[in-house]
Amino acid sequence: MRIKISRLNPFLLLLAAMSAVVVFAAACSSEPEVKPTIRVSDQGFESGWINAAIFKFVVENGYGYPVETVELTTPLMQVALAEGDIDINMEGWQQNFVDNYNEQIAAGNYVNLGPTYEGGPQFFMVPKYTADEYNIKTVDDMKKHWKLVEDPEDPSKGQFINCPIGWQCAEINRAKLEAYGLDEFFNIYSGGTGAALDAALVGAQKKNKPVFGYYWAPTSIMGAYEWTVLEEPTYTEACWAEVAKGQLDATYTPKEACAYETLPVDKAAHKGLLEKAPGVVEMMKKMNVGLLPINVTAAWAVDADIQGDWKKAAIYYLQNYEDRWTTWMPADKAKKVKDALAVKIIWKND
């Protein structure tokens, strides 16, 4: 018996093909979306490491974007952020490079996403025991007491412990010391890293010896040791314009100097991040980590000896300040972060 094979209906063939495409597309759409990497500036100081680690944990677990930190000096950060080679600077400290900041904001390259924490003070200081013993209250008082911090390489002058080379505060402090006339009494020591700055200041405290230098808050060493912040003339725009001239031109001695202006420490992003990760941008606008919580977290990190594993500090912060960080994001994102924290070791603040 012969079986008759009829011709297939072209319409049915087309329908079958279209169905296969739909099934294939559905299968592909079930694959997780590959999101672009968000690059964060690392300028080598404690609070910056903590804030970057908090951002990384929240964004990777709550929003699904990979986060990478990039080690940069402040001048390199300015260029990289303006050109989009990095996406975020978690701690702008724009008062230290205000002209560049204003230019890039006006050009639309930088976008200010609001404060990471309340005003971050910067100052000159000595240990409290030194200030109390020698009645040191002002920067001018140090002219009479330079021998307390004699430079081991040049005993004819004292030693001022400055910011690391490459930080803008290093040039600002040089200009201020010249304006105050302190350069006649002190040589400036600038190490290569924030760790070198910390070591010089903390080393003196541990040995109960005098030391004179620059620092800022929030930081663990401000909570771990007693310091006296030296009085300076009050900040004014006119005075700071003079300081800025000396900052930018090492041959210029400012006619006057004054204290740093205490401003909120803001987050700066490259304009491209608004399109690259809009949900993250919205979160960052609300992401105020807080000055006191950073101080507490930094002090815990030192006590716990985390050995540079700043993810542990981020987890500590997120475990102890849930009421704060859950306000930054929608509930579904917060749940993802909580789920990630649930599988981590919990460090509670007693």
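Everything below is about the structure printed above this text.
As the structure is a computational prediction, the values presented were derived from the model and not from experiment.

Section: empty space enclosed by the protein
Move 1: Under the definition given, this model contains three cavities of 30 Å³ or more.
Move 2: For the largest cavity, the lining is made up of 14 residues, of which F45, T74, W93, N96 and W167 are closest to its centre.
Move 3: Those elements giving two or more residues to the lining of the largest cavity turn out to be α6 (168-180) and β9 (213-216).
Move 4: Volume-wise, the second largest cavity comes out at about 70 Å³.
Move 5: Counting only elements with at least two residues in the lining of the second largest cavity, the list comes to β1 (38-42) and α2 (46-63).
Move 6: Residues that form the lining of the second largest cavity fall into these classes: three nonpolar, five polar and two charged.

Looking at the state of the cysteines
Move 1: The full count for this structure, using the stated rule, is two disulfides.
Move 2: Across a sulfur-sulfur distance of 2.0 Å, C163 and C169 are joined as a disulfide pair. Judged by the torsion about the S-S bond (-130 degrees), the C163/C169 disulfide is left-handed.
Move 3: Of the residues examined, C163 reaches a relative accessible area of 0% and is grouped as buried.
Move 4: Taking the relative accessible area as the measure of exposure, C169 reaches 4% and is therefore buried.
Move 5: Here C239 connects covalently by a disulfide to C258, the sulfurs 2.3 Å from one another. Classification of the bridge connecting C239 and C258 rests on its S-S torsion, roughly -120 degrees, and on that basis the disulfide is left-handed. Taken together, the positions of C239 in helix α9 (residues 237-248) and C258 in the loop between α9 and β11 (265-270) put the pair 19 residues apart, joining distant regions of the chain.
Move 6: With relative accessibility at 2%, the residue C239 sits in the buried group.
Move 7: Among the cysteines of the chain that take part in disulfides, numbered as they appear in the sequence, the pairing is 1-2, 3-4.

Quick notes on the side chain of T116
Move 1: Structurally, T116 is set in strand β4 (residues 110-117).
Move 2: Look at T116 and you get buried, because its relative accessible area is 0%.
Move 3: Only 2.7 Å separates the side chain of T116 from the backbone oxygen of M90, close enough to count as a polar contact.
Move 4: If we ignore the near neighbours within four places in the chain, the residues touching T116 are N51, M90, V265, D266, K267, M287, N288, V289 and G290.

A short note on the packing of aromatic side chains
Move 1: Per the stated rule, a full pass over the model turns up 17 aromatic pairs.
Move 2: Where F124 meets F212, the ring centres are 6.3 Å apart and the plane angle is 90 degrees; that geometry is what we call edge-to-face. Of this pair, F124 sits in strand β5 (residues 122-127) while F212 sits in the loop between α7 (194-206) and β9, and the two are 88 residues apart along the sequence.
Move 3: For F212, a relative accessible area of 0% corresponds to the buried category.
Move 4: Through successive ring pairs, a cluster of aromatic residues spans F45, W167, Y214, Y215, W216, Y235, W240 and Y260.
Move 5: Over the ring of F124 we find K176; its NZ or CZ atom is 4.8 Å from the centre of that ring.

Section: the pairing of β11
Move 1: Of all the six residues making up β11, six are buried; the element is thus mostly covered by neighbouring parts of the structure.
Move 2: Every second residue of β11 is oriented toward a common face, with V265, K267 and A269 on one face and D266, A268 and H270 on the other, all of them buried.
Move 3: With two bridges connecting them, strand β3 (residues 88-89) and β11 associate as antiparallel partners. In the strand pairing of β11, N89 is matched with A268.
Move 4: Pairing analysis gives five bridges linking β4 to β11, with the strands arranged antiparallel. Considered in β11, the bridge of Y110 is made with H270.

Criteria and cut-off values
Residues numbered from 1 in each chain as written. Predicted model: local features only at pLDDT ≥ 70, side-chain atom pairs only at ≥ 80, totals over all residues. Heavy atoms only, no water. 1 Å grid on protein atoms, 1.4 Å probe; cavity = no way out; pocket = protein on both sides within 12 Å on 5 of 7 lines; lining within 4 Å. Points joined across faces, edges and corners; volume = space filled by probe spheres on them. Helix = DSSP H or I, 4+ residues; strand = E, 2+ residues; numbered from the N terminus. Nonpolar A, V, L, I, M, F, W, Y, C, P; charged D, E, K, R; others polar. Disulfide = S-S within 2.5 Å. Buried < 20%, exposed > 50% of the residue type's maximum accessible area, 1.4 Å probe, protein only. Polar contact = N/O pair within 3.5 Å; in protein donor to acceptor, adjacent residues only side chain to side chain. Contact = heavy atoms within 4.5 Å. Phe/Tyr/Trp six-rings, centres within 6.5 Å; stacked < 30°, edge-to-face > 60°. Lys NZ or Arg CZ within 6 Å of the ring centre and 35° of its normal. Pairing = 2+ DSSP bridges.

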